[in-house]
Amino acid sequence: MNDKEITIYDIAEKLGLSSATVSRALNGGKGNKKATVDLVIETARKMGYRPNTIASSLRKKETKTVGLIVPRIDMHFHSMVISGVQDKAREYGYNLLISQSNEDVNIEAELVSTMFSSRVDGLMLSTTMFTSEIAVIESFNKQKNPFVFFDRVPQNYMGPVIEGDDYLGGYMATEHLILNGCKRIAHFSGPMGSNIYKNRLAGYKDALIKHNLPVDEEIIFEHILTKDSSLSASEQMFGLKKVPDALFASNDLSAIVAAQTAKAKGLAIPDDFAVVGYSNDPRTEIFVPAITSVDQAAYEMGHLVFQTLYQQMNSEESLILPRKQVVGVHLIERESSKRHK
């Protein structure tokens, strides 16, 4: 078996043509007769020729490949963002490299370095919930490589960022519970170092204040929003002397865990304990009763993230991109929060 890599020189020798003619034929055919182009392409196919896209990219100083790093691919929000980015990238002729940091700042830094070494034309990043500074992108900034943060964004970063309206989401979720008769509303928050959880908490607090309800720090639980941490927070919440009558949770997993715990303790949802989550995970629809949640328009955010990166990659230096773009959110009302009046 001959596993020798076929080159344009092999094709040229077989056809008795110059390597320049073969190269032109394989790259659009400009300057060659159609019959010659067709012959070269057919011969290349039969000989098993594969274009060296890496070498071509290095010559052109672009790879037509962009990078995307998310905390966890298995999260519904991030999987939808990935779909939005990939569909828009393909529309513009770009390939997509996807990696996940697993909420680890060290892995995140390594991935950014790997993306840089892979010579991606640009990078999109949603940080871990523990990322507190922008040192992870230093290698990109030094070379002025296009870069976009989205969803989770380091504080004080002055480049392009795409965020959901997390303040409004927190406000709407809490006000919805208030308008459904809830008086003592708990909150499950992620770490305060993350912009999204800080903004959702601010919306929650302002909704309580507007409706003359107290902000009680005893029923605000900051944790990492995993199944185990949510179970622990739920046990703490239901162990209080004065148990809350509702919960606004900063993600759907923690909302579902809290609802399961409430049911196990004999509480009726929503009449004894109402629940609102965040992200509109498909699991919220199949839980009984279905969980009210804030939809983040993740797929649309993915489109905007790539389009913003594309503008950086293909615009003149004089083009000024908006530093911050905000994607709207809306509340999906389901049975977990609709009390029977």
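Structural data are supplied above this passage.
Being a predicted model, the structure only gives us computed values, none of them experimental.

Visitor: What is the right way to look at the sheet that holds strand 5 (residues 161-164) in this model?
Guide: Within a sheet, neighbouring strands are paired by backbone hydrogen bonds and run either parallel or antiparallel to one another. Read across the sheet, six strands follow the order 2-1-3-4-5-11 without closing on themselves; strand pairing throughout is parallel. Both edges of this open sheet fall to strand 2 (95-100) and strand 11 (324-327), since each of them pairs with a single strand only. Across the sheet, the axes of successive neighbouring strands diverge by a mean angle of 20°, strand direction being ignored. The sheet contact formed by strand 4 (residues 147-150) and strand 5 spans two bridges and is parallel. Counted as the bridge partner of Phe-149 is Val-161 from strand 5.

Visitor: Could you clarify how one ought to interpret the pattern of salt bridges in this entry?
Guide: Side chains that differ in charge, positive against negative, can pair when their charged atoms come close. Considering all chains together, one arrives at 13 salt bridges under this definition. We note a salt bridge from Glu-235 to Lys-265, for which the minimum N-O separation is 3.3 Å. Placement of the pair is Glu-235 in helix 10 (residues 227-238) and Lys-265 in the loop between helix 11 (252-264) and strand 9 (274-278), with a sequence separation of 30 residues. Residue Glu-235 is classed as partly exposed on the basis of its relative accessible area, which comes to 40%. Via salt bridges that share partners, Arg-184, Asp-216 and Glu-218 belong to a single interconnected network.

Visitor: Looking at this structure, I do not really get the pairing of strand 8 (residues 246-249). What am I missing?
Guide: As a general feature of sheets, a regular strand has side chains that alternate between the two faces. Neither face of strand 8 is exposed, since Ala-246 and Phe-248 on one face and Leu-247 and Ala-249 on the opposite face are all buried. The sheet contact formed by strand 8 and strand 9 spans three bridges and is parallel. The residue bridging Ala-246 from the neighbouring strand is Ala-274, located in strand 9.

Visitor: Mind showing me how you'd approach the nonpolar core here?
Guide: Of all hydrophobic cores here, the largest spans 42 residues; its most connected members are Leu-177, Ile-185, Phe-188, Tyr-204, Phe-221, Met-237 and Leu-247. Where this core is concerned, the elements lending two or more residues are helix 8 (166-179), strand 6 (185-189), helix 9 (195-210), strand 7 (220-222), helix 10, strand 8, helix 11 and strand 9. Among the nonpolar cores identified, the runner-up in size contains 23 residues, and Val-70, Ala-298, Val-305 and Met-313 belong to it.

The rules behind each value
- Residues numbered from 1 in each chain as written.
- Predicted model: local features only at pLDDT ≥ 70, side-chain atom pairs only at ≥ 80, totals over all residues.
- Heavy atoms only, no water.
- Pairing = 2+ DSSP bridges.
- Helix = DSSP H or I, 4+ residues; strand = E, 2+ residues; numbered from the N terminus.
- Axes fitted to C-alpha atoms, helices over the stretch in contact; angles between N-to-C directions.
- Salt bridge = Lys/Arg side-chain N within 4 Å of Asp/Glu carboxyl O.
- Buried < 20%, exposed > 50% of the residue type's maximum accessible area, 1.4 Å probe, protein only.
- Core = buried A, V, L, I, M, F, W, Y, C linked by side-chain atoms within 4.5 Å.

Honestly, it's all geometry; don't read function into it.
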